Amino acid sequence: MKVVFLASECAPIAKVGGLGDVAGALPKALKKMGIDICVCMPFYKAIDHEAYSPLLVKRSLVVPFEDKEREVDVYKTELPNSKVPVYLFKNEYFLSGGGVYFSKSAFCESHREVQRFAFFSKAVLEYFRAEKEPVDVFHCNDWHTATVPLLMKTLYKDDPVLKNAATVYTIHNLGNQGISELMLLDELGIRREDLDTLDWDAQNRDIDLMMQGIIQSDVINAVSPTYAQEIMTKRYGAGLEEVLQGKSGRVSGILNGVDYQIFNPETDPNVFFNYSLPNWQEGKRKNKQDLRHSVHLDDEGTTPLLGMVTRLTDQKGLDIIRDAFPTIMKLGFQFVLVGLGDPTSEEPFIRFAKEYPGKVSINLTFDLKLASRIYAGSDAFLMPSKFEPCGLGQLIALKYGAVPIVRATGGLKDTILNGETGFVFSPYTAKALINCLIKVREGFSDSKRWQDIVETGMSQDYSWDRSAGEYITLYKNAIRWSHER
Ligand code: GLC
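My aim in this report is to walk through the structure given alongside it, one point at a time.

The rules behind the values
- Each chain has its residues counted from 1, running along the sequence as written.
- The predicted origin of the model limits local features to residues at a pLDDT of at least 70 and limits the giving and counting of side-chain atom pairs to 80 or more, whereas totals for whole chains, interfaces and linings rest on all residues.
- Only heavy atoms go into the side-chain values, all of them from the structure, while hydrogens and water stay out.
- The secondary structure listing takes helices from DSSP runs of H or I that are at least 4 residues long and strands from runs of E that are at least 2 residues long, numbered from the N terminus.
- We take the radius of gyration over the C-alpha atoms and set the globule estimate at 2.2 Å times the residue count to the 0.38 power.
- For every residue, the accessible area obtained with a 1.4 Å probe (protein chains only) is divided by the maximum for its type, and the residue is called buried under 20%, exposed over 50%, and partly exposed between those limits.
- We call two residues contacting when some pair of their heavy atoms lies within 4.5 Å.
- The Shrake-Rupley method, run with a 1.4 Å probe, gives the accessible areas here. Residue values count only the displayed protein chains as cover.
- Within this document, salt bridges are pairs made up of a side-chain nitrogen of Lys or Arg and a carboxyl oxygen of Asp or Glu, the two lying within 4 Å of each other.
- Here the expected span of a helix is defined as 1.5 Å times the quantity of residues minus one.
- Helix axes use the C-alpha atoms of the stretch in contact, all axes being lines fitted to C-alpha atoms, and the angles between their N-to-C directions lie in the range 0 to 180 degrees.
- If an angle is under 35 degrees, it is roughly parallel; if it is over 145, roughly antiparallel; if it lies from 65 to 115, roughly perpendicular; otherwise it is oblique.
- Note on residue categories: nonpolar means Ala, Val, Leu, Ile, Met, Phe, Trp, Tyr, Cys or Pro, charged means Asp, Glu, Lys or Arg, and polar means any other residue, Gly included.
- Each pair of strands is called paired provided DSSP finds at least two bridges between the two strands.
- Handedness rule for crossovers: strands pointing away from the viewer, path from the first strand over the helix to the second running clockwise, crossover right-handed.
- We call a residue near a molecule or strand when any one of its heavy atoms sits within 4 Å of it.
- Polar contact is defined as a pair of N or O atoms within 3.5 Å, subject to the rule that within protein one atom must be able to donate a hydrogen and the other to accept it, and that residues adjacent in sequence are counted only when both atoms are side-chain atoms.
- Just so you know, the domain bounds were taken from an automatic or database domain assignment.
- Pairing of aromatic side chains here covers Phe, Tyr and the six-membered ring of Trp, requires ring centres within 6.5 Å, and sorts the geometry by plane angle: under 30 degrees stacked, over 60 edge-to-face, intermediate tilted.
- As a reminder, the over-ring test applies to NZ of lysine and CZ of arginine, requiring each to be within 6 Å of the ring centre and within 35 degrees of the ring normal.

With that settled, the discussion passes to the overall build of the protein chain. A tally of regular secondary structure across the protein chain gives 18 helices and 17 strands. For a compact globule of 485 residues, the expected C-alpha radius of gyration is about 23 Å, and the protein chain comes in at 23 Å, within 12% of that figure. Principal-axis analysis of the C-alpha atoms gives the protein chain an extent of 65 × 45 × 40 Å. Of all 485 residues assigned to the protein chain, the portion counted as buried reaches 61%. Sequence separation of at least 24 residues holds for 72% of the intrachain contacts in the protein chain that already meet a minimum separation of 6. Carbon and sulfur atoms make up 50% of the accessible area of the protein chain, which amounts to about 18,900 Å² in all.

Next up on the list: the pattern of salt bridges. Summed over the entire model, instances satisfying the criterion amount to 20 salt bridges. For D159, the salt bridge goes to R129, with nearest N and O atoms at 2.6 Å. Of the two residues, D159 is situated in the loop between α5 (147–153) and β7 (166–171) and R129 in helix α4 (residues 111–130); the sequence distance between them amounts to 30 residues. Among the ionic pairs, K359 bridges to E300, the shortest N-O distance being 2.4 Å. On the criterion of sequence distance, the pair formed by K359 in the loop between α12 (343–355) and β14 (360–363) and E300 in the loop between α10 (280–294) and β12 (305–309) is long-range, its members being 59 residues apart. Under the relative-accessibility criterion, K359 is labelled partly exposed at 30%. On the basis of relative accessible area, E300 is assigned to the partly exposed category, the value being 25%.

Turning next to helix α1 (residues 18–32). For α1, which comprises 15 residues, the first-to-last C-alpha distance of 21 Å matches the rise-based estimate of 21 Å (1.5 Å per residue) to within 8%. Among the 15 residues of α1, 12 are classified as buried, and the element is accordingly described as predominantly covered. All of the buried residues along α1 are L19, G20, D21, V22, A23, G24, A25, L26, P27, K28, A29 and L30. The inward-facing, buried residues of α1 contact β1 (2–6), β2 (36–42), β6 (137–141) and α18 (464–483).

All right, on to the packing of helix α16 (residues 430–445) against helix α17 (residues 447–458) then. Where α16 contacts α17, the two axes come as close as 5 Å, and the packing angle between them is 105°. Between α16 and α17, the angle is such that the two are roughly perpendicular. Of the residues in α17, those touching α16 at V440, G443, F444 and S445 are S447, R449 and W450. A class-by-class count of the residues in the contact of α16 with α17 yields three nonpolar, three polar and one charged.

Attention now goes to α4. For α4, with 20 residues, the first-to-last C-alpha span of 28 Å sits near the 28 Å given by 1.5 Å per residue. Across the 20 residues of α4, 17 count as buried, placing the element largely inside the fold. Where α4 terminates, the next one or two residues include K132, which has phi positive at roughly 55°.

With that settled, the discussion passes to the pairing of β1. Most of β1 sits out of view: five of its five residues are buried. Of the two faces of β1, the one lined by K2, V4 and L6 and the one lined by V3 and F5 are each fully buried. As judged from the five bridges shared by β1 and β2, these two strands associate in the parallel manner. Looking at β2, one finds that F5 is bridged to V39. Handedness of the crossover is the feature at issue here: the chain leaves β1, passes through α1, returns alongside β2, and the resulting connection is right-handed. Summarising the sheet, β1 and β6 pair through four bridges and their orientation is parallel. Each bridged residue has a counterpart across the sheet, and for F5 the counterpart in β6 is H139.

Another point: the site of the ligand. Around the ligand, a shell composed of 13 residues is seen, among which H172, N256, E388, C390 and G391 lie nearest. At a separation of 3.0 Å, an oxygen atom of the ligand approaches a polar side-chain atom of Q315. Within the backbone of P389, an N or O atom sits 3.4 Å from an oxygen atom of the ligand. Calculation on the ligand without its partners gives an accessible area of 310 Å², and the protein chains cover 93% of this total. Across the shell around the ligand, the residue classes break down as five nonpolar, six polar and two charged. Composition of the shell around the ligand by domain shows at least three residues from each of domain 1 (2–257 + 465–484) and domain 2 (277–461).

As a further point, take the packing of aromatic side chains. Within the structure shown, the criterion is met by 21 aromatic pairs. Pairing F65 with F119 gives two aromatic rings, centres 5.3 Å apart and planes at 70°, and the pair type is edge-to-face. Placement of the pair is F65 in strand β3 (residues 55–65) and F119 in helix α4, with a sequence separation of 54 residues. Residues Y127 and F128 carry aromatic rings whose centres are separated by 5.2 Å and whose planes lie at 80° to one another, so their mutual orientation is edge-to-face. A single burial state applies to Y127 and to F128, both of which are buried. Of the aromatic side chains, those joined through ring pairs into one cluster are Y87, F89, F120, Y127, F128 and F138. Taking NZ or CZ as reference, R250 lies 3.5 Å from the ring centre of W481, over its face. When the ring centre of Y260 is taken as reference, the NZ or CZ atom of K399 above it lies at 4.9 Å.

See the structure below:
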């Protein structure tokens, strides 16, 4: 089975969030299971040439866009520690932007952002067309690559090379939809009459690429079973709940995994003192001390240290943390955070750092090394998300012995067992969070109980192998459905 996996980011080549981790890990697991898979992503300026030595495999691929014949150079490299080929698509005008996304929060804010990913998606299809390389499945991820199923149902529906390929669309975050002006269709060369007018917001003359991905793909999945159900409801559906309900027979949930080759406290080169289950207590003590020194927290012996590694956006529960913050301090926690995001979300945390010197450390940067040290050095890991499609932080935290404190939503609900591997609360309120933290505080004081929770958590296995098998079934279903088109 030949699968082309498209994503806007892919770790470690270029990564901003969890989508990048999935794109860097799932294809490796699928390859091990015998799938002939490659990854396609834009060639961003920030990609490290020396580390990946990309080779030019196609010069001047012609991709019509905006009434022009634009040219794309295609390069090839490999995912580290694997034989998974990665194709990098390069075009100065659209694809060479420095960072992965234009906005710090990773959310789509302009037509130009939508254009470049739509153009990238078209370039990928043009590449396989030009190579006359039959593909069984195009696996697209989030709005950035949702143009692929849209093009497959319109412009390329009779194309001899592409027409038999199935499309799989994975929803990583319904909150970010890639909404833009309808002229995108003209720019792509799609005739408006080829699309059902109900499929776009005719009144606002908008096109919503997330919605197109859902409507046009053969099968759709979300990144956890709970999120797959939640998005059918008004509360979590971000306006697309009815569209999703309309395709409910084709929507499923598959939990993400973790790449334990990368996220393993025993081997992680960013961890100060490597450790594993048998010596976790020594590891935690040494890493906690090192972390406190490096982020300027007081050396307060056994005070529990709460860690967060997060994008600073609404989704991540920052507003309830903000409201609960004075109480969290009174309960006697130290707090360390690393991440980037919206200035409005950052602002209160900057204030807390000033108000509680030695107790609170706020690091507003993207720093994978510090992230690893927070997982290794914190006693507990805070992730009280408003919604969480899957979440990777809680899974990494489990492996590093930082007890996850999560809200019961999406993948958090599917992976953390209250009182057994972590602490779980439900209502999205500061009060519920505080009540939960009171229980954490009690648990932490009972060292035998805490040890049980940490050790049960560290023993959980969320590797990709199981989920990769579910994706193979999904691919087979997509191929079956595509024959019925
Ligand atoms: C998005 C979601 C996160 C998920 C990740 C990978 O970043 O917010 O919950 O784990 O995608 O699927």
